[in-house]
Amino acid sequence: MTVKIAQYKGKSLTSRLIKFITRGQYSHTSIILGSGRIVEAWQGSNSVRVIRTLSDGHKPGTPVDIYSVRMSSEQERLFTEYVEAQIGKKYDYWGIVGFLLRRDLQRSENSFCSEIFAAGCEFAKVGLLNNLLPSQTSPSMITRSPITKLIERRIV
């Protein structure tokens with residue numbers, strides 16, 4: 001079982017705003033579980049959802065970088081358990097506001113895209129980034145972690 005993440009370089013106004021505010025190249029994170037299941041928190045659906053392909057809901061021509069994530073098999077099991085438990089939960093609008101204000105306004109029952117990944121790492125005791133709350137983790141910050149490795153570039 002292997003965990004991967006898809007890091008989107010979105011083109012929409014919202015995506016460009018996220019990249020500007022976070023000073024990063026990525027606007028969105030999807031999680032690709034070892035089973036091939038793709039999970040993401042998507043503002044457009046107001047939920048954490050499972051998608052069939054990396055292009056579902058994204059503008060055609062969006063660049064996506066795929067990263068592998070280094071974890072032990074037990075960490076992968078715990079990470080997957082956490083991520084799958086988030087499916088169907090609501091999108092974390094307060095978490096986004098808190099991110100912008102640099103305050104933790106995250107609601108435990110809700111998540112945004114990179115927050116799910118960071119919280120899953122925390123749950124599985126995977127060191128992503130030192131002393132950074134999941135609710136303060138942007139998509140671009142994830143790729144600065146030593147546990148992530150770029151393995152593929154795509155256009156969806």
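Located above this text is the structure these notes cover.
If you're wondering where the values come from, they're calculated on a predicted model, not measured in any experiment. (Residues numbered from 1 in each chain as written. Predicted model: local features only at pLDDT ≥ 70, side-chain atom pairs only at ≥ 80, totals over all residues. Heavy atoms only, no water.)

K.L.:
When you look at the overall build of the protein in this model, what are you seeing that I'm missing?
P.N.:
Each helix and strand counted, the protein has 5 helices and 6 strands in total. Helices and strands in the protein line up, N terminus first, as β-α-β-β-β-β-α-α-α-α-β. Out of the 156 residues belonging to the protein, those deemed buried represent 49%. Look at the contacts in the protein between residues 6 or more apart in sequence, and 64% of them connect residues 24 or more apart. Element-wise, carbon and sulfur atoms account for 53% of the exposed surface of the protein, whose accessible area totals about 8100 Å². (Helix = DSSP H or I, 4+ residues; strand = E, 2+ residues; numbered from the N terminus. Buried < 20%, exposed > 50% of the residue type's maximum accessible area, 1.4 Å probe, protein only. Contact = heavy atoms within 4.5 Å. Areas by Shrake-Rupley, 256 points an atom, 1.4 Å probe, with all protein chains shown as cover.)

K.L.:
Sorry if this is basic, but what is going on with the sheet that holds strand β4 (residues 47–51) here?
P.N.:
Sheet strands pair via backbone hydrogen bonds, and the direction of the pair is either parallel or antiparallel. Here we have 6 strands laid out as an open sheet, ordered β4-β3-β2-β1-β5-β6, and antiparallel in their pairing. Sheet topology places β4 and β6 (148–155) at the edges, where each strand pairs with a single neighbour. In this sheet, neighbouring strand axes are inclined to one another by 25° on average, regardless of whether the strands run parallel or antiparallel. Where strand β1 (residues 4–8) lies against strand β2 (residues 28–32), 5 bridges are found, and the strand directions are antiparallel. The residue bridging Lys4 from the neighbouring strand is Ile32, located in β2. (Pairing = 2+ DSSP bridges. Axes fitted to C-alpha atoms, helices over the stretch in contact; angles between N-to-C directions.)

K.L.:
I tried to follow the side chain of Ser27 on my own but got confused; where do I start?
P.N.:
For Ser27, the position within the fold is in the loop between α1 (13–22) and β2. Owing to a relative accessible area of 5%, Ser27 belongs among the buried residues under this scheme. Here Gly10 takes part through its backbone nitrogen, which lies 2.9 Å from a polar atom of the side chain of Ser27. Polar side-chain contacts of Ser27 include one of 3.4 Å to the side chain of Ser15. With residues near it in sequence (within four places) discarded, Ser27 still touches Tyr8, Lys9, Gly10, Ser15, Ile18, Lys19 and Pro139. (Polar contact = N/O pair within 3.5 Å; in protein donor to acceptor, adjacent residues only side chain to side chain.)

K.L.:
In this structure, what is going on with the layout of surface pockets? I would like to understand it.
P.N.:
If you roll a probe as big as a water molecule over the atoms, it shows you where there is empty space left. The volume enclosed by the second largest pocket comes to roughly 150 Å³. Lining the second largest pocket are Ala118, Cys121, Glu122, Val126, Gly127, Leu128, Leu129, Asn131, Leu132, Leu133, Pro134 and Thr137. Of the residues contributing to the lining of the second largest pocket, the split by class is 8 nonpolar, 3 polar and 1 charged. (1 Å grid on protein atoms, 1.4 Å probe; cavity = no way out; pocket = protein on both sides within 12 Å on 5 of 7 lines; lining within 4 Å. Points joined across faces, edges and corners; volume = space filled by probe spheres on them. Nonpolar A, V, L, I, M, F, W, Y, C, P; charged D, E, K, R; others polar.)

K.L.:
I keep staring at the nonpolar core and nothing clicks. Help me out?
P.N.:
One broad trend across soluble globular proteins is that nonpolar side chains are buried collectively. Grouped together as the largest cluster of nonpolar side chains are 26 residues, with contacts concentrated most on Ile31, Phe79, Val83, Phe117 and Cys121. Listing elements by their share of this core, those giving two or more residues are β3 (38–42), β5 (63–69), α2 (73–86) and α4 (113–123). Tyr8, Ile32, Ile51 and Val156 belong to the second-largest nonpolar core, a separate cluster that totals 9 residues. (Core = buried A, V, L, I, M, F, W, Y, C linked by side-chain atoms within 4.5 Å.)

K.L.:
What am I meant to see in the packing of α2 against α4 here?
P.N.:
Two measures define how a pair of helices packs: the angle their axes make with one another and the distance between the axes. At a closest axis distance of 8 Å, the pairing of α2 and α4 adopts a crossing angle of 140°. Between α2 and α4, the crossing angle belongs to the class labelled oblique. Our pair here, α2 against α4, has a crossing hand that is right-handed. Each of Leu78, Phe79, Glu81, Tyr82, Val83 and Gln86 in α2 lies in contact with α4, whose residues at this interface are Ile116, Phe117, Ala119, Gly120, Cys121 and Phe123. (Parallel < 35°, antiparallel > 145°, perpendicular 65-115°, else oblique. Left-handed = near helix turned anticlockwise from the far one by under 90°.)

K.L.:
What is the right way to read the environment of Ser73 from this model?
P.N.:
Looking at the secondary structure, you find Ser73 in helix α2. By relative accessible area, which is 64% here, Ser73 ends up exposed. Between the C-alpha atom of Ser73 and that of Thr2, which follows or precedes it by 71 residues, the distance is 8.6 Å.

All quantities given are derived from atomic positions and should not be read as evidence of function.
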